[in-house]
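Fold and geometry: a report
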Amino acid sequence: MKIIPVNNYRYNHISNLTKYPKQNNITFGHYLDDEMYNKQSRLATVESDIRNVDERIWSENRDFEWESSSLDSQIDSAESRLDETERRISKLRDRADSKESYIDSLSSEGYRLQQKAKRNLGTIKSLETEKQNTVKQLQESNKTLQNALAEEFKTKSEQIENEFKTNAEEMQKGVKSSLIQKVINPIIDSVEGKEEDLPSSIYIKNSYDVAEPLFSWLVKQTDSNYAKINTAEYSDKQEVFSLLKKISFLASRNYEETGKRTFTLISGFENIISSLKDNESIKELFLNAEKMYHNIIVVISKIPYLELSPKIKFSDVVTVEKNFLTDKKLGKDSLVEFVSKHQYTGENLLSKIVRK
């Protein structure tokens, strides 16, 4: 934007007179010389004044143009700053609009979250109520379960206690306890001079393979002589009976010499059952072998004793209990441990008879 000076009529008129002085000749005519001189002097003064005015006007125009140019520069600069300011204002307005939109968005999100929080609070209250109800139900169920478990524990305890008592009774009546009470202790007492009634024959009902170490345990516990007859080795079953009698005679003589009794084990007893029917001497031997010869006959078989009793009688019958294989203190393992730690002190009488 530029400032343009306004033309003045008086200024133009005076300027024209100054620029073209010779074109306007002033004629005094009839004026007197003094008047003419005065007129000329005044004219010269006017012309000087006009020149001064022209100079002042030129100076004023120059200053005016310079100031106008300066003002134009300032206006241009101001307009440029104004444009920049307007751009910044526009940017700030855009940012303000963006912030306002963001604030509106945050307000909307805040409202949504507030509503969600209200819903969640309702859900939490509902869950808390449900939790309390569930805890109450669990407490009631737990109480019922505890009562049921207590009752079951009581029943189980009674059952286990009864089983323990039964097992204890079975073990007391079992093969090891029975043999200790009926055979081992009486033999030890007889050695000490007490009169004891010892069995002549023992039938051990066994569904398990316990011939060893059961027989070896008996022999080593009583420090006795021994003989083992396997009926399967003899085709003539009468030879088995003859061998049993020879062992008994040898046992009697050995007892007189050393004071040791003899245990004779007959395995495969089912092979000679049919031959026992009319052999009264063997039947008598089974009932009197200990008294007559100090020989105790031991038979370990799976055959139920009721099947044998019509054909032959034994002095004592012992049954191997069901816990014999698993019980560590009174079962098979305890016998194995004892047998492994002790050597035979008695003689094998069968080896003497066979050698002869």
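Heads up: the structure comes first, above all this text.
To keep things clear, this report deals only with the structure shown in the data block. (Residues numbered from 1 in each chain as written. Predicted model: local features only at pLDDT ≥ 70, side-chain atom pairs only at ≥ 80, totals over all residues. Heavy atoms only, no water.)

**What about the overall build of the protein chain?**
Going by this rule: A run of H or I in DSSP becomes a helix once it reaches four residues, and a run of E becomes a strand once it reaches two; helices and strands are each numbered from the N terminus. Accessibility here uses a 1.4 Å probe with only protein chains present; expressed as a share of the type maximum, an area under 20% marks a residue as buried, one over 50% as exposed, and anything in between as partly exposed. The contact criterion used is simple: two residues touch if any of their non-hydrogen atoms lie within 4.5 Å. Each accessible area value is a Shrake-Rupley result obtained with a 1.4 Å probe; residue values ignore everything except the protein chains displayed when judging cover.
Counting its secondary structure elements, the protein chain contains nine helices and five strands. Along the protein chain, from the amino end to the carboxyl end, the secondary structure elements read α-α-α-β-α-β-α-β-α-β-α-β-α-α. The proportion of buried residues among the 356 residues of the protein chain is 29%. Looking at the protein chain alone, contacts between residues at least 24 apart form 80% of all its contacts between residues at least 6 apart. Carbon together with sulfur atoms contributes 51% to the accessible area of the protein chain, which is approximately 24700 Å² in total.

**Some points on the side chain of asparagine 254**
Its location among the elements puts asparagine 254 in helix 5 (residues 237-258). Leave out the neighbours within four places in its chain, and asparagine 254 touches Asn225, Gly259, Lys260, Glu347, Leu349 and Lys352.

**Topic: the nonpolar core**
Using the following cut-off: Think of a nonpolar core as a cluster: buried Ala, Val, Leu, Ile, Met, Phe, Trp, Tyr and Cys residues, connected wherever their side-chain atoms sit within 4.5 Å.
Counting 30 residues, the largest nonpolar core has Leu244, Ile266, Phe269, Phe286, Ile297, Val299 and Phe314 as its most contacted members. Contributing elements (two or more residues each) for this core: strand 2 (225-230), helix 5, helix 6 (280-293), strand 4 (295-301) and helix 9 (349-355). With seven residues, helix 5 is the largest single contributor of residues to this core. With sequence-adjacent residues up to four places away left out, isoleucine 266 is seen in contact with Ile229, Thr231, Leu244, Ile272, Phe286, Ile297, Val298, Val299 and Ile300. Membership of the second largest hydrophobic core comes to 26 residues, among which are Leu214, Tyr226, Leu265 and Phe338.

**Some remarks on the packing of helix 3 (residues 175-191) against helix 4 (residues 211-222)**
Where we set the bar: Angles here are taken between N-to-C directions and fall from 0 to 180 degrees, while the axes themselves are lines fitted to C-alpha atoms, restricted in helices to the stretch in contact. By definition in this entry, angles of less than 35 degrees are roughly parallel, angles greater than 145 are roughly antiparallel, angles of 65 to 115 are roughly perpendicular, and the rest are oblique. Crossing handedness is read from the near helix: turned anticlockwise from the far helix by less than a right angle, it gives a left-handed crossing, and turned clockwise, a right-handed one. When residue character is reported, Ala, Val, Leu, Ile, Met, Phe, Trp, Tyr, Cys and Pro are called nonpolar, Asp, Glu, Lys and Arg charged, and the others, Gly included, polar.
Put simply, helix 3 and helix 4 touch, their axes get as near as 10 Å, and they point 30° apart. When the interaxial angle is binned, helix 3 and helix 4 end up roughly parallel. Crossing angle aside, the handedness with which helix 3 passes helix 4 is right-handed. Between helix 3 and helix 4, the residues in contact are Val175, Lys176, Leu179, Ile180, Val183, Ile184 and Ile187 and Leu214, Trp217, Leu218, Gln221 and Thr222, respectively. Each residue belonging to the contact of helix 3 with helix 4 can be placed in one class, and the counts come to nine nonpolar, two polar and one charged.

**Re the pairing of strand 3 (residues 262-267)**
Threshold: When DSSP finds at least two bridges between two strands, those strands are taken to pair. When the strands point away from the viewer, a crossover counts as right-handed if the route from the first strand across the helix to the second turns clockwise.
Of all six residues in strand 3, five are buried; the element is thus mostly enclosed. Pairing analysis gives six bridges linking strand 2 to strand 3, with the strands arranged parallel. Residue pairing across strands places tyrosine 226 opposite phenylalanine 263, the latter belonging to strand 3. Taking the sense of rotation as the criterion, the β-α-β connection linking strand 2, helix 5 and strand 3 turns out right-handed. Of the strand pairs in this sheet, strand 3 and strand 4 are connected by five bridges, and their pairing is parallel. Residue pairing across strands places phenylalanine 263 opposite isoleucine 296, the latter belonging to strand 4. In this fold, strand 3 hands off to helix 6, which returns the chain to strand 4; that crossover is right-handed.

**So, the packing of helix 4 against helix 8 (residues 332-341)**
At their nearest, the axes of helix 4 and helix 8 sit 9 Å apart, and the two run at 55° to each other. Considering their axes alone, helix 4 and helix 8 lie oblique with respect to each other. Two packed elements cross with a definite hand, and for helix 4 against helix 8 that hand is left-handed. Packed against helix 4, whose contacting residues are Glu212, Pro213, Leu214, Ser216, Trp217, Lys220 and Gln221, the element helix 8 presents Lys332, Leu335, Val336, Phe338 and Val339 at the interface. Considered class by class, the residues forming the contact of helix 4 with helix 8 number seven nonpolar, two polar and three charged.

**What to know about the environment of lysine 332**
Examined against the element boundaries, lysine 332 turns out to sit in helix 8. The spatial distance from the C-alpha of lysine 332 to the C-alpha of glutamate 212 is 9.3 Å, given a sequence separation of 120 residues. Not counting the four nearest positions on each side in its chain, lysine 332 is found in contact with Asp209, Val210, Glu212, Pro213, Phe324, Leu325 and Asp327.

**Re helix 3**
Note the threshold: Expected helix span is computed as 1.5 Å times (number of residues minus one). Throughout, bend refers to the angle between the axes fitted to the seven residues that end at a position and the seven residues that start at it.
The terminal C-alpha atoms of helix 3 lie 23 Å apart, and with 17 residues this matches the ideal 24 Å at 1.5 Å per residue to within 8%. The sharpest bend along helix 3 comes to roughly 40°, located at glutamine 181. All buried positions along helix 3 are accounted for by Val175, Lys176, Ser177, Ser178, Leu179, Val183, Ile184, Pro186, Ile187 and Ser190. Phi turns positive, to about 100°, at glycine 193, one or two residues after helix 3.

**Observations regarding the packing of aromatic side chains**
Note the following rule: Classification of ring pairs rests on two measures: the distance between centres of Phe, Tyr or Trp rings, Trp counted by its six-membered ring, which must be within 6.5 Å, and the angle between planes, read as stacked under 30 degrees, edge-to-face over 60 and tilted in between. Put simply, a charge is over a ring when the Lys NZ or the Arg CZ is close to the ring centre, within 6 Å, and near the line of the ring normal, within 35 degrees.
By the definition in use, this model includes eight aromatic pairs. Look at tyrosine 305 and phenylalanine 314: their rings are 6.1 Å apart centre to centre, the planes differ by 65°, and that puts the pair in the edge-to-face class. For phenylalanine 314, a relative accessible area of 7% gives the class buried. Three or more aromatic residues link up through ring pairs in this structure, and these residues are Tyr203, Phe269, Phe286, Tyr305 and Phe314. Positioned over the ring face of tyrosine 344 is lysine 220, at 4.7 Å from the centre of the ring.

**Re the pattern of salt bridges**
To be explicit about the condition: By definition here, a salt bridge exists when the distance from a side-chain nitrogen of Lys or Arg to a carboxyl oxygen of Asp or Glu is within 4 Å.
Under the criterion given, the structure shown has nine salt bridges. Between lysine 341 and glutamate 337 there is a salt bridge, with its nearest N and O atoms 3.0 Å apart. Placement of the pair is lysine 341 and glutamate 337 together in helix 8, with a separation of four residues, close to one helical turn. Lysine 352 serves as the salt-bridge partner of glutamate 347, at 2.7 Å between the closest nitrogen and oxygen. Since its relative accessible area comes to 33%, glutamate 347 is described here as partly exposed.

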